[in-house]
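The lines below spell out each chain.
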Amino acid sequence: MSSIDYAEKIPNNVNLQNDRTLQRALEHWQPQFLQWWHEMGPTDFELANVYLRTAISVDAQGWAHYGTLKMPDYRWGIFLADAVAERKIGFGDQMGEPVWQQVPGEYRSTLRRLIVTQGDTEPASVEQQRMLGHTCPSLYDLRNLFQINVEEGRHLWAMVYLLHAYFGRDGREEAEELLTRHSGDENKPRILTTFNEPMTDWLSLFCFTYFTDRDGKFQLKSFAESAFDPLSRTCRFMLTEEAHHMFVGETGISRVVKRTLEVMKELGTDDAARIRAHGAIDLPTVQKYLNFWCSSSLDLFGSEISSNSAASFASGMKGRPDEATYEDHVLRDVAKTVSTPQGDETVPMLNALNEVMREAYLKDCEIGLKRWNRMIERAGYALRLSLPSSRFRRSIGPWAGVPVDTHGKMVARQEYERRLEDWIPSERDRAFVHSLMQKVVEPGKMAAWIAPPERGVNNLALDYEYVHLH
Ligand SMILES: [Fe+2]
Ligand SMILES: [Fe+2]
């Protein structure tokens, strides 16, 4: 197992000290990153002492160290999972051949684009979440937000390392660009739409970490299969950190649902207006937030029919998540039927891999829904939360711009426009949710719209002062 050298300016387990050129290039980028964090990160909390975990090894057991520090002092570093000896390409036309330790010339621009697109999402989410600290429902939640933020910062480092180490001058330029695009910026937005959506309330944060970080998980899993071994090793370790982000989403929504059910029981009603008047978020509003962030995240997988996905897979650049669980790893003689507004279309499987990934993703998304619906059922209510159809509100692929309802049924454009505010949060819904967002920072206290978590962080008490504000 490779250990991480923390004496270095840039903590790493990639022997940076033995590559002076690369080390100098990254040390040149480091102050730019810190400047970006200072301007675009959770800026107003730079003096707060936060109980954070930091990666100290890439060993699955005990990889993290917990301690209190100020976020700008976080040790962002470069950590790759250990190399697998004799690793072979696990899919595509070059299956069985040794993996690549360098980027093959013919795949250079595609791999760079894939890495830049992934890399761009990491700082984007920090930018999206930068004001949320001011409306945290508890210190526990505030700490979790900051934990996610510093780790997304580290994920940026992970991608920037690959750009610097393997893509020469182009890679260094891309690394700088990653700090100059900004979420929601009119002139220089982030690459993917979901990462330009404003995020001004914690229900959105929980939905984002549930749906969008889960897209991240699927992307990282497919890169973990890559024939480009440094990318595979980088992403394997990122997945360890990513699990916490989805935990925040799943437990966050659970706690919202739990609190709403308590209020419904107390009042003996499921009337939305009365639940709202009592300071909780009615379940139909939760459903609208799920619809919004799920449909937005579905676009991140790309078009249902895609020659890019075929090329990335056939060449070995990007596999399917959990590639080993499939039987056929070459996919040259198989087809898949994909639904389009014009009817079903049968295409080579290689061209339908975005859809394969999207289907696996939606299955993974169902897990939380089952949990929340069990809670609702036990409380004795008939309502069930659900995922929107993957055709709903799409901006990419054959269903882009097609008016369909949340069940995937085509409706008249006028009806769609009229009913959209029944399906995704309306201005009024957002205004109501915003009205609940009041900062609660007394240790152990929770905002009224959310139930406390089942346990604290790292076995600490719930009323531990996870963030010490000044
Ligand atoms: Fe990330
Ligand atoms: Fe994440």
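So, how was this worked out
Just so you know, the residues in each chain are numbered from 1, in the order the chain's sequence is written. Each chain is given a letter, starting from A, and each ligand a number, starting from 1, according to the order in which they appear as written. Per-residue local features are limited, in this predicted model, to residues with pLDDT of at least 70; the limit for side-chain atom pairs, both in listing and counting, is 80 or more; totals at the level of whole chains, interfaces and linings are taken over all residues. Hydrogens are left out, water is left out, and the side-chain values use all remaining heavy atoms of the structure. A donor here means an N, O or S atom no more than 2.8 Å from the metal, or no more than 3.2 Å when the metal is Na, K or Ca. Since water is not included, a site may seem to lack partners. In short, tetrahedral needs four donors with all angles between 85 and 135 degrees, square planar needs four and octahedral six donors with opposite donors over 155 degrees apart and all other angles between 65 and 115, and whatever is left is irregular. Remark: nonpolar core denotes a set of buried residues (Ala, Val, Leu, Ile, Met, Phe, Trp, Tyr, Cys) joined through side-chain atoms within 4.5 Å. Residue exposure (1.4 Å probe, protein chains only): buried if accessible area is under 20% of the type maximum, exposed if over 50%, otherwise partly exposed. Put simply, DSSP marks the helices as runs of H or I at least four residues long and the strands as runs of E at least two long, and each gets a number from the N terminus on. Whether two residues are in contact is decided by their heavy atoms: any pair within 4.5 Å suffices. The pairing criterion is simple: DSSP has to find at least two bridges between the two strands. As a rule, the C-alpha atoms of each element are fitted with a line to give its axis, helices using only the stretch in contact, and angles between N-to-C directions run from 0 to 180 degrees. Counting of polar contacts relies on pairs of N or O atoms within 3.5 Å, with two restrictions inside protein: one atom must be capable of donating a hydrogen and the other of accepting it, and residues adjacent in sequence are counted only when both atoms are side-chain atoms. Salt bridges are counted wherever a side-chain nitrogen of Lys or Arg sits within 4 Å of a carboxyl oxygen of Asp or Glu.

Novice: Got a minute to help me understand the coordination of the iron ion (ligand 2) in this structure?
Specialist: Ideal geometry at a metal centre: 109.5 degrees between donors when four sit tetrahedrally, and 90 or 180 degrees when six sit octahedrally. Here the iron ion (ligand 2) is held by the protein donor atoms Glu-152 (OE), Asp-213 (OD), Glu-242 (OE) and His-245 (ND1), which lie 2.0 to 2.2 Å from it. Viewed at the metal, the four donor atoms of the iron ion (ligand 2) are separated by angles of 85 to 170°, and the geometry they form is irregular. Counting residues between consecutive donors of the iron ion (ligand 2) along the chain gives the motif E-x60-D-x28-E-x2-H.

Novice: What is the right way to look at the nonpolar core in this model?
Specialist: Generally speaking, soluble globular proteins have nonpolar side chains that are buried together. Within the largest apolar cluster, 119 residues are counted, with the highest numbers of intra-cluster contacts made by Phe-211 and Trp-449. The element that contributes the greatest number of residues to this core is helix H3 (residues 139–166), accounting for 15 residues. In this structure, Trp-449 is in contact with Pro-137, Trp-202, Phe-206, Val-256, Arg-259, Gly-279, Ala-280, Ile-281, Leu-436 and Met-437, ignoring residues within four places of it in sequence. Among the nonpolar cores identified, the runner-up in size contains eight residues, and Ala-310, Phe-313, Met-349 and Val-356 belong to it.

Novice: Is there a simple way to think about the sheet that holds strand E2 (residues 64–70) in this case?
Specialist: Pairing between sheet strands relies on hydrogen bonds along the backbone, with the strands arranged either parallel or antiparallel. Across the sheet, which stays open at both edges, the three strands sit in the order E2-E1-E5 with antiparallel pairing between neighbours. Each edge of the open sheet carries a strand with a single partner, namely E2 and strand E5 (467–468). Direction of pairing for strand E1 (residues 49–55) relative to E5: antiparallel, over a ladder of two bridges. Following the sheet pairing, Asn-49 is matched in E5 by His-468. The sheet strands contacting H3 are E1, E2 and E5, and the helix crosses E1 at an angle near 40°.

Novice: I tried to follow the coordination of the iron ion (ligand 1) on my own but got confused; where do I start?
Specialist: Within the protein, the iron ion (ligand 1) binds to Glu-122 (OE), Glu-152 (OE) and His-155 (ND1); these donor distances fall in the range 2.0 to 2.2 Å. Read from N- to C-terminus, the donor residues coordinating the iron ion (ligand 1) fall into the pattern E-x29-E-x2-H. The two metals, the iron ion (ligand 1) and the iron ion (ligand 2), are separated by 3.4 Å and share Glu-152 as a common coordinating residue. Residue Glu-122 is located in helix H2 (residues 108–128), and its partner His-155 is located in helix H3; the two are separated by 33 residues in the primary sequence. One exposure class covers both Glu-122 and His-155, and it is buried.

Novice: How should unusual backbone geometry be read in this particular structure?
Specialist: A negative phi angle is the norm for most residues apart from glycine, just as the trans form is the norm for most peptide bonds. Unlike most non-glycine residues, Asp-322 shows phi in positive territory, near 55°. Tracing the chain through its elements places Asp-322 in the loop between helix H9 (307–315) and strand E3 (335–340). Notably, Asn-458 is not glycine yet its phi reads approximately 55°, a positive angle.

Novice: What exactly am I supposed to notice about the environment of Tyr-381 here?
Specialist: Relative to the assigned elements, Tyr-381 resides in the loop between helix H10 (353–378) and helix H11 (413–423). The buried category is assigned to Tyr-381, whose relative accessible area is 19%. Distance in space between the C-alpha atoms of Tyr-381 and Met-264 is 9.6 Å, their sequence separation being 117 residues. Within the structure, the side chain of Tyr-381 is placed 3.4 Å from the backbone oxygen of Met-264, a separation counted as a polar contact.

Novice: Would you mind showing me how to read the pattern of salt bridges here?
Specialist: If charged atoms from side chains of opposite charge come close, those side chains can pair. Using the criterion set out here, one finds 28 salt bridges in the structure. Across the pair Glu-127 and Arg-190 runs a salt bridge whose closest N-O atoms are separated by 2.9 Å. Of this pair, Glu-127 sits in helix H2 while Arg-190 sits in the loop between helix H4 (168–177) and helix H5 (202–224); the two residues are 63 residues apart in sequence, bridging distant segments of the chain. Neither Glu-127 nor Arg-190 differs from the other in exposure class; each is buried. The residue Arg-276 makes a salt bridge to Asp-429 at a minimum N-O spacing of 2.8 Å. One end of the pair, Arg-276, is in helix H7 (residues 272–277); the other, Asp-429, is in helix H12 (residues 427–436), with 153 residues separating them in the sequence. A relative accessible area of 5% means that Asp-429 is categorised as buried. Via salt bridges that share partners, Asp-299, Glu-304, Glu-355, Arg-358 and Arg-394 belong to a single interconnected network.

Any link to function would need more than the numbers given here.
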